[in-house]
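# Results of the structural survey
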Amino acid sequence: MATTAPARRTRSHLPLARAAALLAALALFPVAHAAPRTTPPLDAAASDPQALGWMQGFPPPEAKRIRYTDDDYFSFPKLRWTACHFRQLMPTVGVSRGSGAASPLPQQSDPAIDALLFTPLNTHATMTWAQSLQANYTDGIVVLHDGVVVYERYAGCLQADGQHGAMSVTKSITGLLGEMLVAEGVIDENETLGAVIPELAHSAFADATVRQVLEMTTALRYSEDYADPNAEVWQFSAAGSTLPPAPGYTGPRSYYDYLTTVQKQGRHGQAFGYKTINTDALGWIIARRTGTPVSTLLSERIWKRLGAEQDAYYTVDSTGTPFAGGGFNAGLRDLARLGQVLLQDGRANGQQIVPAAAIARIRAGGDKRAFAKAGYPLLPGWSYRGMWWVSHNDHGAYMARGVHGQALYIDPTAKVVIARFGSHPTAGNAANDPTTLPAFDALARYLMTRPLPRTP
């Protein structure tokens, strides 16, 4: 049984550099818990990684090098370089796009979008779309209207042919795979995890159902408050690290090993609680039921079939297990293609690659009352299902969200997909939601006033 004392002992064995590295194995949580800043961060232009010279030169000057073992390699402003270069820093496993041609993304840019006005939440002052990109430290953004690119911009560390950490957008991709398998009858949503994975029989997951994991209504003794040195996230991070263990460390050495130790706190199914380990438990269910890791399943079922331009990849633990809760990295245009598949009820290139029933279940959303108990003041009336965030607004918009500004926003009514990668200095979405949410909604409603783009 996990207790406060073992958590403290585990944390105390982590040198500062290693602790930061473990934390930054792709930022796990959506709400900021970091200590308040004492000085304002550099703005987007001043913190641009090219302007700051990170990792430039052959070799880079010592003062401009970024290493996995540095205690600040994923701290601002270094994270503005790191977000595009995880595979240069840690072990990964590929998600193959196959050898086929990429599916076309027709372009009809709309120059009026930059001047689009909206009002950020809890303010009276308006902001333009272009200003919001700078405010949110946007590394890249692609907007599709009915499958046509109407807006595309890159900045910071990202170019059109580059890749970027998706952070917790990864959870929604894992959730999509889970919902696909539920729709196909491969996984029974009412089955308990202990029945699917006997190794979890003595953990908190034993009597949780697959559905409760998909909706994150499990009752787990687990905190992702990084400001708390005794939080269980430190144990999970240590378990997933590929670095040599600290002297005296005797804890779990993989994501799966850690999951077997999680203990229960409360009753399953009562309240939403955002905990990354739910997604890694789902990744284990997927692997156990299909005989393949999420990286392979994503490649075979989606990435090779949607016409991706680039291979993608996951970071992995010391056993090669993909980090299903936050380790996915991809090209931005391919993330937009994935959003278009969902917008089209699972169809791509004339094929049904995702069961329409899986997407319908996600769009329907989860239990609003259970979600409300988690206390997200900027997301009133929202819910969570299939590891997607569902707005329940009049357009039925839903999205995948990740720390530091990662987003995949889908508005079925407006036929709009917005894919964004960012490197905001504050991890939690509460820092960018006041501009992001009204900006995305305003753009979708603006695009509805235009004729649908003509495709070749």
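Residues numbered from 1 in each chain as written. Predicted model: local features only at pLDDT ≥ 70, side-chain atom pairs only at ≥ 80, totals over all residues. Heavy atoms only, no water.

### Some thoughts on the packing of aromatic side chains
The criterion, for reference: Pairs were defined over the aromatic rings of Phe, Tyr and Trp, the Trp ring being its six-membered one, requiring ring centres within 6.5 Å. Orientation was assigned from the angle between planes: stacked under 30 degrees, edge-to-face over 60, tilted for the rest. Any Lys NZ or Arg CZ found within 6 Å of a ring centre and within 35 degrees of that ring's normal is scored as a charge over the ring.
Counting across every chain of the model gives 27 aromatic pairs. Residues F371 and Y376 carry aromatic rings whose centres are separated by 5.4 Å and whose planes lie at 20° to one another, so their mutual orientation is stacked. Among the aromatic residues, those joined into a ring-pair cluster are F272, Y274, F371, Y376, Y384 and W389. Sitting above the plane of the W54 ring, K64 keeps its charged end 5.1 Å from the centroid. The aromatic ring of Y151 is capped on one face by R153, whose charged end is 4.2 Å from the ring centroid.

### Some words on the pattern of salt bridges
What counts, and what does not: We define a salt bridge as a side-chain nitrogen of Lys or Arg found within 4 Å of a carboxyl oxygen belonging to Asp or Glu. In this description a helix means any DSSP run of H or I spanning at least four residues, a strand means any run of E spanning at least two, and both kinds are numbered starting from the N terminus. The buried label goes to any residue with under 20% of its type's maximum accessible area, the exposed label to any with over 50%, and the partly exposed label to all in between, with areas taken from a 1.4 Å probe on protein chains only.
Evaluation of the coordinates by the stated rule reveals 27 salt bridges. For E179, the salt bridge is made with R211, and the minimal N-O distance between the two is 2.8 Å. In this pair, E179 is assigned in helix α6 (residues 169-183) and R211 in helix α8 (residues 210-214), connecting sequence segments 32 residues apart. The two residues E179 and R211 agree in class, both being buried. K264 is paired through a salt bridge with D207; the nearest N and O atoms lie 2.7 Å apart. With K264 in the loop between α10 (255-259) and α11 (276-290) and D207 in the loop between α7 (193-196) and α8, the pair connects residues that are 57 residues apart, well separated along the chain. Residue class for D207 comes out partly exposed when judged on its relative accessible area of 42%. Through salt bridges with shared partners, a single ionic network connects E179, E189, R211, E215, R361 and R385.

Just geometry here; none of it tells us what the structure is for.
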